[in-house]
Amino acid sequence: MRALSTLLVLAALPAALAVKTHDFKTCSQAGFCRRGRALSARAAENAAWRSPYSIDASSLALSPDQAAFTAAVKSSIYPEVNFGLDVRIHDDGVVRVRMDEVGGLRKRYDEAASWALLEEPKVSNTVQWTVAKDGVRAKYGAKNDVEVVVAFEPLKITLLRNGKEQVVLNGRGLLHMEHYRTKESVAQSKQGVEAPEEGLDTDDSQVVIEQVHPRAAWFEGETEDGWWEETFNSFTDPKPRGPESLSVDIDFPNHGHVYGIPQHATRLSLPTTTGEDAYYSEPYRLYNADVFEYLADSTMSLYGSIPFMQAHSAESTVGIFNAIGSETWIDVGRPTPKSTTTHWISETGILDIFIIPGPTPADVFAQYTRLTGTPALPAQWALGYHQCRWNYISSDDVRSVQKRFDEEDMPVDVFWLDIEYAEDHKYFMWDHKLFPDPVEMIKDVEAIERKMVVIVDPHLKRTDDYPVYKQATELDVLVKLKDGTTDYEGWCWSGSSAWVDFFNPKSWDWWKSLFKIDSPSDKWHWTESTVSTYIWNDMNEPSIFNGPEISMPRENIHYGGWEHRDVHNINGMLFHNLTSQAVKERTNPPKRPFVLTRSFYAGSQRFGAMWTGDNLGTWEHMRVGVKMVLANNIGGFSFAGSDVGGFFGNPEPEMLVRWYAVGAFSPFFRAHAHIDTKRREPYLLDEPYKNIVRDILRLRYSMLPVWYTAFREASVTGLPVLRPHYIAMPHDEAGFAIDDQYFIGSSGLLVKPVTHKSIKEETVYLPEDQIYYDYFNHHAYRGAAKGKNITVPAELHQIPLLIRGGSIVPTRERPRRSAPLMKHDPFTLRVALDKDGNARGELYLDDGETYSHEQGDFIWRDFVAAKPAKKSKGVLISSKNLAAQKPAEAVDHVALTTYNSGNDFAKNIAGVRVEKIVLLGLPAKPSSVSVEGGKELQWSFTPGVAASDKKEGTASVLVIKDPKLSIAGDWDIVVQA
């Protein structure tokens, strides 16, 4: 009977998973969101509204040696309920605000931050609090210009800079922590009590409300809306703990733009959801969900949730990290063009908010990633092109695809296998009818230094002939039903399935042991694999076909007795985290793991890459994918991309070509397609499309040094790999909402992917009075102090890509079949002079796969072009050892004290040379080009527009031919004019 039911369910899967908005809740269908929005509406309608929460000043306890204090918080509508407040100022100025119920019926979930944080932050021992009658405050900062003010009554927390409000918590009085209660206690409190009129902000009315209606309808509402049970579609949530939601208003009175809180298919500068002329009517939802064929313009929740928001103005940037793991809805309002209000409504948890003071975008990223970690430095090959589809159907199919790429001279680094490789979708277990020789197949791929990625989903098929499920059962590490003892059974690709509870520490070493290729253990482990086989974690929201909102019942129980509702948004990150550790630890010494995840949370950037899920092959999805990848970069998760070509559909050749250009300028570059789509590997395209895509792929590979150098910077500083204009030019208001063009790291490359049909030219915004050069034809464009739009050619074979004047871009121009084959190839340096005749760029290289860089095995070069004298028309081009100058800043999470220029890696690439230098914008033909103290070099000069000119047109180009200088060495080239 079970086998029959399995077949019936699986047969229904495609229809069940097609996008239907009614499969997912709106705010009005979620009781706690309704209550939170209703609270906000009541506050807006009552000019005398006043928060019922206040600090008991007599309870204030200052830490004797740290910038921290605790205090009791009371609610005037529930005086018998106790709350505790804990406020701390970290060494870097971040303010942490925690509030929890004290002595309640049960403990609230308070572990979200522990999963997100890299380590427990250090509290300042120099900042001091000052206590007054009305509150407590502290001033700090390098200029003593930052102040935190905690008002006693009502409770309000304000961050100010130079006396100007930056962030305000509970300024509108929407803070509400629904305390734990029982049905019996609520019924008792109502006996013989008449409902009052709406409460007003006067002392007398407040007393009356407390006397006649302990539940205070003026604040919480007239009804017990969704307190004890809730039904959605055919599912009933029993809510055994009753109401427990958390609501708080977080406002930015002097910031007109907010960004972040991925993942949503929307604009980068978040449109409003409330207030007059709101763009959306629904709040932004954070609830990791498998939203099949999602809408291209919506506040609907998608696969991941990062509760981190930045607010920006021309004066400053600030941020908020709200460490909450449960479903959360966020309303965004804009009372004036220069101010933003937000209202965060969460189903469960404590208040645990990190106020990030900035004041620059770079400061905010540094402060946030000190909390949750910087993006991991990926293996260099992972920045190449990835070829995937659901599914490559056999070993012969994989070999055939690789052969076709080589025959067509198209570079590729990774081939992917989706779920059909696994027998009955029992992950790790090969279907030997289709893949009779999996290890030999993988080694054939590895022969050209390529890699395989194989999918491992979190659902385990419930059958005793599946050793992974059997071991998990024996260890008792599976998620439980609400009784806390019975293993939960749901349905996914494997049919009847169980889910590992990765919150349970017993699961950790066991899961990692499964990936061991060679292991002394007699327990089952994945011997049919190799150390060049990497992993794809899909469906980890978790996606459950027969569950509410295609996910897990909220009353399910995890380790520690916590309900699934408490940890839902964190759940997928743990699966990703443990898989990443497993891949890293399967070799000794370890190699950098590559694990792709669909579901994520704050901190996921430490463990690998993500993609934007099951997009559609439409121009709209191509466009919004660019914005979504930018939003993930803002959320601290730089290694992001969208499926090239769209997961669903059969894109026309023009769309596919444009999508490859989008992918080539995304950190994660993968083509993927649904099982029902036509095969669309790039070599199947007709001409001229095939040749254009080949050129795009080769362009990506030539720029791998740029991408790798950008990832090094991200891994150390937290600055994103993709940088929208508000990050690159934080004072230029005209660029704050731009989300269709962006800079790549600090390289000076500005790209605007074409995402509309039948485009012949594009408009690019230049944010400054500076020269920009077309990357391909060297045309010089001029910006303006107040910003300027220019028109650039954008035929199908053209990508709007500019080099900002003042940049030096290192590339490798020799086509190879995979990234590792390029490791000894020579370099080309493009030197784009700015209007003052200067330029600068960086190059970082290491072995690209191990952790030897943490011991100092790498090179980090600083390329500089400058006038040898103030009025000179010549240029001195230099290569200097940046690692020796800044060893402590070179490597992520390792502060080297010294740097050895003769390290093993530097020796290994000592023969790698600079084979060409292209200098743009020189004012006159040189009289001599030579290595300082050495020979005259071969060169050619094409006259054109100089960087110092005011006019536009094709720039002058000096090409220095094969100077035979080591990429790892110090040298100077003198260009005399």
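Since we're looking at a predicted model, the values are computed, not measured.

### Overview of the packing of helix 16 (residues 689-702) against helix 17 (residues 704-717)
Where helix 16 meets helix 17, the closest approach of the two axes is 4 Å, and the angle between their N-to-C directions is 45 degrees. Classified by the interaxial angle, the pair formed by helix 16 and helix 17 is oblique. Packed against helix 16, whose contacting residues are Arg700, Tyr701 and Ser702, the element helix 17 presents Leu704, Pro705 and Trp707 at the interface. Classifying every residue of the contact of helix 16 with helix 17 gives 4 nonpolar, 1 polar and 1 charged.

### Details of helix 17
Residues spaced three or four apart along an α-helix point in a common direction, a consequence of the helix completing one turn every 3.6 residues. If you check helix 17, its first and last C-alpha atoms are 20 Å apart, about what 14 residues at 1.5 Å a residue would give, namely 20 Å. Those residues of helix 17 that sit buried are Leu704, Pro705, Val706, Trp707, Tyr708, Thr709, Ala710, Phe711, Arg712, Glu713, Ala714 and Ser715. Positive backbone phi, approximately 85 degrees, marks Gly718, located one or two places after helix 17.

### Points about the nonpolar core
Counting residues in each nonpolar core, the largest one holds 222 residues, and the members touching the most others are Trp511, Phe594 and Phe665. Broken down by element, this core gets its largest block of residues, 9 residues, from helix 14 (residues 619-634). With residues near it in sequence (within four places) discarded, Trp511 still touches Phe428, Val456, Val468, Phe502, Phe575, Leu578, Thr579 and Ala582. Counting residues in hydrophobic clusters, the runner-up holds 63 residues, among them Phe83, Val95, Met99 and Ala311.

### Concerning the packing of helix 14 against helix 15 (residues 653-664)
In contact at an axis separation of 11 Å, helix 14 and helix 15 are set at 5 degrees when each is read in the N-to-C sense. The angle between the axes of helix 14 and helix 15 places the two elements in the roughly parallel class. Across the interface between the two elements, Trp619, His621, Met622 and Val626 of helix 14 pack against Glu654, Met655, Arg658, Trp659 and Val662 of helix 15.

### Observations regarding the pairing of strand 37 (residues 771-774)
Judged by which residues are buried, strand 37 turns out to be covered on both faces: Ile771 and Tyr773 on one side and Tyr772 and Asp774 on the other are all buried. Two successive antiparallel strands, strand 37 and strand 38 (residues 779-782), enclose a turn made up of 4 residues, where His778 displays a positive phi of approximately 70 degrees. Where strand 37 and strand 40 (residues 801-804) come together, 3 bridges link them in antiparallel fashion. Paired with Asp774 across the bridge in strand 40 is Leu802.

### Some thoughts on the confidence of the model for the chain
For residues with low pLDDT, the predicted coordinates do not support detailed interpretation. The predicted model of the chain averages 94 in pLDDT, with 95% of residues at 70 or higher. Note that pLDDT drops below 50 for residues 1-18; the model gives that stretch 21 contacts with residues more than four away or on any other chain. In this model, residues 193-213 is a region of pLDDT below 50 whose contacts with residues beyond four sequence positions or in other chains number 29 contacts.

### Observations regarding the state of the cysteines
As enumerated under the stated definition, the model contains 1 disulfide in all. Between Cys27 and Cys33 runs a disulfide, and the two sulfur atoms are separated by 2.0 Å. What sets the handedness of the Cys27 and Cys33 disulfide is the S-S torsion sign, and at about -100 degrees it is left-handed. This pair shows no difference in class: Cys27 is buried, exactly as Cys33 is. Here Cys492 is not disulfide-linked; the sulfur of Cys388 is the nearest cysteine sulfur, at 17 Å. On the basis of relative accessibility, which here comes to 1%, the residue Cys492 falls in the buried class.

### Focus on unusual backbone geometry
Each neighbour pair has its own omega, and for Glu153 with Pro154 the value is -10 degrees, a cis peptide bond. Relative to the elements of secondary structure, Pro154 occurs in the loop between strand 7 (146-151) and strand 8 (156-161). Pro688 follows Glu687 through a cis peptide bond whose omega is 5 degrees. Inspection of the secondary structure assignment puts Pro688 in the loop between strand 32 (669-671) and helix 16. Of note, Asn162 is a non-glycine position whose phi angle comes to about 55 degrees, a positive value. For Asn162, the location among the structural elements is in the loop between strand 8 and strand 9 (164-169). Of note, Ile261 is a non-glycine position whose phi angle comes to about 40 degrees, a positive value.

### Things to note about helix 10 (residues 438-446)
Of all the positions in helix 10, only Pro438, Val439, Met441, Ile442 and Val445 are classed as buried. Along the axis of helix 10, the buried residues cluster in a sector spanning 160 degrees; they form a single face. The elements touched by buried residues of helix 10 are helix 9 (395-407), strand 22 (414-417), strand 23 (451-455) and strand 27 (533-537).

### Describing the pairing of strand 23
Along a regular strand, successive side chains alternate from one face of the sheet to the other. Of all 5 residues making up strand 23, 5 are buried, and the element is well covered by its neighbours. The two faces of strand 23 match: Lys451, Val453 and Ile455 on one face and Met452 and Val454 on the other face are all buried. Of the strand pairs in this sheet, strand 22 and strand 23 are connected by 4 bridges, and their pairing is parallel. Note on strand 23: the bridge partner recorded for Phe415 is Met452. This β-α-β element, strand 22 to helix 10 to strand 23, shows right-handed connectivity. Here 4 bridges tie strand 23 to strand 27, and the two strands are oriented parallel to one another. Within the sheet, the bridge partner assigned to Val453 lies in strand 27 and is Tyr534.

### Concerning the sheet that holds strand 24 (residues 459-461)
Spatial strand order, 24-26-25: 3 strands in an open sheet with antiparallel pairing. Single-partner strands in this sheet number two, and they are strand 24 and strand 25 (490-492). Each neighbouring strand pair of the sheet contributes to a mean axis angle of 60 degrees, computed without reference to strand direction. Direction of pairing for strand 25 relative to strand 26 (residues 495-499): antiparallel, over a ladder of 3 bridges. By the bridge assignment for strand 26, Trp491 is matched with Ser496.

The rules we used
Residues numbered from 1 in each chain as written. Predicted model: local features only at pLDDT ≥ 70, side-chain atom pairs only at ≥ 80, totals over all residues. Heavy atoms only, no water. Axes fitted to C-alpha atoms, helices over the stretch in contact; angles between N-to-C directions. Helix = DSSP H or I, 4+ residues; strand = E, 2+ residues; numbered from the N terminus. Parallel < 35°, antiparallel > 145°, perpendicular 65-115°, else oblique. Contact = heavy atoms within 4.5 Å. Nonpolar A, V, L, I, M, F, W, Y, C, P; charged D, E, K, R; others polar. Expected span 1.5 Å × (residues − 1). Buried < 20%, exposed > 50% of the residue type's maximum accessible area, 1.4 Å probe, protein only. Core = buried A, V, L, I, M, F, W, Y, C linked by side-chain atoms within 4.5 Å. Pairing = 2+ DSSP bridges. pLDDT = per-residue confidence, 0-100. Disulfide = S-S within 2.5 Å. Arc of directions from axis to C-beta. Right-handed = clockwise from strand over helix to strand, strands pointing away.

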